[in-house]
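# Reading the structure
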Amino acid sequence: MLHIIEPTLHSYAGHCHSLVDALTQALPGMPVTIWAGRGSRPFWSGPGELKPYFYRSLRRLQAFMLYRKLLQSEGKVLISTAGTSDFLILDWIASKPIPDGKVYLYVHWVGAKTHKADQLRKIAAHQPGLEVLTTTETVSGFFKRLGFRARAVPYPVSTDQGFLAMPRPFRRLVVAGAARMDKGFDRIVDLVEDLKLSDSQLPIVVQVSATHQDKHPADIQAQIDRLHRIGYAHLQVLADTLTPQVYRALFVGGISVQPYAADVFQDRVSGVTLDALGAACPVIVTANTWLARTVEHYGAGIAVNDLAPAGLRVAICAVLADYKAYADHAATAGQAIRAEHSATAMVDALFQSEQ
């Protein structure tokens, strides 16, 4: 039996929904319980037993109670988006070392965890049975150096998410996913303003839905207001969180523009990049990031250092000049990613010792 803990699964926002769906689809016949956020039931039709459990404001207190309960129950526990607080709570509630193969923490990036290294090192000594799974080898190395049992497992993607999409003629620029400053949303607004000032005819669709908090911070809201004031005739703004089907359709015939912060995404996986390539959509990405290494490996887009409108437009024009070739390469990348990021790798990491 497997318990999946994902408090941020309360809508289609972000990639927690697709991650959990990919994993449960890869476990036919396995009893799976998904401990999700309140309000998640209308958004879940996948396998497993869904338990809408977490309130946002009480998440850590509820995690404390749930982890204590699950440590005393049968089955494995996977915290599918694990943060430092999860390590601290587990160490706090465990009266003795947690058994090997009981608890798995899937860590997507290091981020602020570097400032908690001393605390995490102590937890590694207290809890040698904890299994840390990571999205990249760099993150895995960080936890190994602290003394944890850690290994990289590719970010799981669902097999039904359009990764066999065929290239289509160019339709528009695409900015997909929640509006966030670390994803360069202000750069996107600058780009739209530049398109307006230059009398461009390029269509662009910009998704401005909120993150898991369901409310934009002040800096993002100010940028959204600015975006609306520009008055670019060829702009489509999508304010709502989209269904997986509508979201995936955004990328078809598109060029995905992703001017993400280099320091944040240097070794951080982006689900939007995977989704774009899965839809045969070329990508404009920030240089010196995981995104850039992935896109450049397949020739499926262009990595740029200059994230100002001029730099982004040079890259966009280059892709447009040979769109079919870039789209073909993106389709090839999508098929490769479908295999490399199969949820089977996560299943193996969780259960291979029992096979």
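Presented here is an overview of the structure given in this document. Since the model is a prediction, treat every value here as computed from it, not as a measurement. (Residues numbered from 1 in each chain as written. Predicted model: local features only at pLDDT ≥ 70, side-chain atom pairs only at ≥ 80, totals over all residues. Heavy atoms only, no water.)

Time to look at the sheet that holds strand β12 (residues 283–286). The strand order across the open sheet formed by six strands is β10-β9-β8-β11-β12-β13, and the pairing between neighbours is parallel. Two strands bound the open sheet, and with one partner strand each, they are β10 (235–238) and β13 (301–304). Here the strands of the sheet are splayed against their neighbours by 20 degrees on average, with no regard to which way each runs. Alignment of strand β8 (residues 172–175) against strand β9 (residues 204–207), held across three bridges, turns out to be parallel. Each bridged residue has a counterpart across the sheet, and for L173 the counterpart in β9 is I204. The strands that helix α9 (residues 271–278) touches are β11 (254–258) and β12; relative to β11, the one it contacts most, it runs at about 165 degrees. (Pairing = 2+ DSSP bridges. Helix = DSSP H or I, 4+ residues; strand = E, 2+ residues; numbered from the N terminus. Axes fitted to C-alpha atoms, helices over the stretch in contact; angles between N-to-C directions. Contact = heavy atoms within 4.5 Å.)

Before going further, it helps to spend a moment on unusual backbone geometry. Even without being glycine, D199 reaches a positive phi, approximately 55 degrees. Following the sequence through the fold, D199 ends up in the loop between α6 (185–197) and β9. For N288, which is not glycine, the phi torsion reads 60 degrees and is therefore positive. Relative to the helices and strands, N288 is located in the loop between β12 and α10 (290–298).

Between the first and last C-alpha of helix α2 (residues 59–71) there are 18 Å, a value that for 13 residues agrees with the 18 Å anticipated at 1.5 Å per step. Residues of α2 that are buried include every one of Q62, A63, F64, L66, Y67 and L70, and no others. The inward-facing, buried residues of α2 abut β1 (2–6), β2 (32–37), β3 (49–54), β4 (76–79) and α3 (84–93). (Expected span 1.5 Å × (residues − 1). Buried < 20%, exposed > 50% of the residue type's maximum accessible area, 1.4 Å probe, protein only.)

Across the 10 residues of α3, seven count as buried, placing the element largely inside the fold. Listed in full, the buried residues belonging to α3 are T84, D86, F87, I89, L90, D91 and I93. Where α3 is buried, its residues touch α2, β4, β5 (103–107), α4 (117–126), β6 (131–134) and α5 (137–145).

Another aspect to go through is a nonpolar patch on the surface. Nonpolar side chains collect at one region of the surface, where Y55, L58, L61 and M65 lie side by side and expose about 380 Å² of accessible area between them. In this structure, M65 sits in helix α2. (Patch = residues over 30% accessible without salt bridge, like charges linked within 9 Å, V, L, I, M, F, W, Y side chains within 5 Å. Areas by Shrake-Rupley, 256 points an atom, 1.4 Å probe, with all protein chains shown as cover. Salt bridge = Lys/Arg side-chain N within 4 Å of Asp/Glu carboxyl O.)

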